[in-house]
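Architecture and fold: a report
Chain residues, written in single-letter form:
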Amino acid sequence: MSRLDKEEQEILDGFEAGELQRAPDIDDRKAWHQQYAEAMFKKDARINIRLSSKDLRGASE
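Treat the numbers as computed from the prediction; the structure is a model and nothing was measured.

**Examining the overall build of the chain**
Each helix and strand counted, the chain has three helices and zero strands in total. Along the chain, helices (α) and strands (β) appear in the sequence α-α-α when read from the amino end. Seen through its principal axes, the chain has C-alpha atoms that stretch 65 × 30 × 15 Å. Burial analysis of the chain (61 residues in total) assigns 2% to the buried set. Of the accessible surface of the chain, which amounts to about 6,800 Å², a share of 50% is contributed by carbon and sulfur atoms. Mean positive and mean negative side-chain charge positions of the chain (11 and 14 charges, respectively) differ by 14 Å.

Thresholds, definitions, all that
Residues numbered from 1 in each chain as written. Predicted model: local features only at pLDDT ≥ 70, side-chain atom pairs only at ≥ 80, totals over all residues. Heavy atoms only, no water. Helix = DSSP H or I, 4+ residues; strand = E, 2+ residues; numbered from the N terminus. Buried < 20%, exposed > 50% of the residue type's maximum accessible area, 1.4 Å probe, protein only. Areas by Shrake-Rupley, 256 points an atom, 1.4 Å probe, with all protein chains shown as cover. Lys, Arg positive; Asp, Glu negative; His and termini not counted. Charge placed at Lys NZ, Arg CZ, Asp CG, Glu CD.

Here's what the structure looks like:
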């Protein structure tokens, strides 16, 4: 397991001690985060760029 920083360790300790409660709208939050993550990694666009070989190599040559 990776090392936890102070805040992460406090959260873990609270969870293990039963001191934390789920948010009342956990299902909505989980669905929103899942949709957001799927949208972030979706590759739905393409771009083509045409350059001269001189521009590709650099103008100094």
